[in-house]
Amino acid sequence: FEFNQDRVGKAKVDFKRLGLGDYITVTHRDVLTDGFLLNADDEGSDERVTEKSIDAIFIDLPSPEKAVPHCHKILKKRAIMCNFSPCIEQVQKVSQEMAKLGFYNINTIECLSREIQVSKAGHCPIEPVKKEEQPKADEEATGAGKKRQ
């Protein structure tokens, strides 16, 4: 489901180009307002999404807590819901809404970014350059910590 009509068209082209067109469908819809339930006769879709029919859902939405009841409606028992949120306030709201609706085993994972050097020889993380330790003010005043010549 995608709210932006232009992105729907681009996603369909990309999935087809990658050989995934027979496995992934894209539907234009505002899921925060209209939810995920989908009949085969709904505009723009030949697929169906019924209550308790989905194994997993991944959402990346503004106000994701508003989508949780819609997710709950379509997910099978023991299904997986994954929410991508850029701030902890969204995570808190989603987690509270999920708990209210009976979701269990609610976990939060923070994904941190780090730069990696890739070459034919392999790959390794690029560590940040550390500043040299500066002498403390009292060491400078007394000369402690300096090498004698």
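Structural data are supplied above this passage.
What counts and how
- Residues numbered from 1 in each chain as written.
- Predicted model: local features only at pLDDT ≥ 70, side-chain atom pairs only at ≥ 80, totals over all residues.
- Heavy atoms only, no water.
- Helix = DSSP H or I, 4+ residues; strand = E, 2+ residues; numbered from the N terminus.
- Buried < 20%, exposed > 50% of the residue type's maximum accessible area, 1.4 Å probe, protein only.
- Contact = heavy atoms within 4.5 Å.
- Areas by Shrake-Rupley, 256 points an atom, 1.4 Å probe, with all protein chains shown as cover.
- Expected span 1.5 Å × (residues − 1).
- Polar contact = N/O pair within 3.5 Å; in protein donor to acceptor, adjacent residues only side chain to side chain.
- Pairing = 2+ DSSP bridges.
- Phe/Tyr/Trp six-rings, centres within 6.5 Å; stacked < 30°, edge-to-face > 60°.
- Core = buried A, V, L, I, M, F, W, Y, C linked by side-chain atoms within 4.5 Å.
- Salt bridge = Lys/Arg side-chain N within 4 Å of Asp/Glu carboxyl O.

### So, the overall build of the protein chain
Helix and strand counts for the protein chain come out as five helices and four strands. Overall, the protein chain shows an N-to-C arrangement of helices and strands of α-α-β-α-β-α-β-β-α. In the protein chain, buried positions account for 18% of the 149 residues. For the protein chain, contacts bridging at least 24 residues in sequence account for 43% of all contacts bridging at least 6. Within the structure as shown, the protein chain displays about 12,500 Å² of accessible surface, and the carbon and sulfur contribution to it stands at 51%.

### Structural notes on helix α1 (residues 5-17)
Taking 1.5 Å per residue, 13 residues should reach 18 Å; α1 reaches 19 Å between its end C-alpha atoms and fits that length. At the N-terminal end of α1, a side-chain oxygen is found 2.9 Å from the backbone nitrogen of D6, two or three residues along, and the residue is N4. Count one or two residues on from α1 and you reach G19, which has phi positive near 80 degrees.

### Brief notes about the pairing of strand β3 (residues 116-119)
Alignment of β3 against strand β4 (residues 122-125), held across four bridges, turns out to be antiparallel. From the neighbouring strand, S119 faces β4, where its bridge partner is G122. Adjacent in sequence and paired antiparallel, β3 and β4 are bridged by two residues.

### With respect to the packing of aromatic side chains
Throughout the structure, instances matching the rule amount to one aromatic pair. With 5.3 Å between their ring centres and 70 degrees between their planes, F1 and F36 make a pair best called edge-to-face. Placement of the pair is F1 in the segment before α1 and F36 in the loop between α2 (31-34) and β1 (54-59), with a sequence separation of 35 residues. You can call F1 partly exposed: its relative accessible area is 37%. For F36, a relative accessible area of 6% gives the class buried.

### Quick look at the nonpolar core
Generally speaking, a soluble globular protein has its nonpolar side chains buried in company with each other. F36, I57, I59, C71 and M81 are the most contacted members of the largest nonpolar core, which has 15 residues in total. Those elements giving two or more residues to this core turn out to be β1, α3 (68-74), β2 (75-83) and α4 (88-100). Counting residues per element, this core draws most heavily on α3, at three residues. Discounting chain neighbours no more than four positions away, the residues touching I59 are F36, P64, A67, C71, M81, C82, N83 and F84.

### Quick notes on the pattern of salt bridges
One pass over the full model with this rule turns up four salt bridges. With a shortest N-O distance of 3.0 Å, E2 and R7 are connected by a salt bridge.

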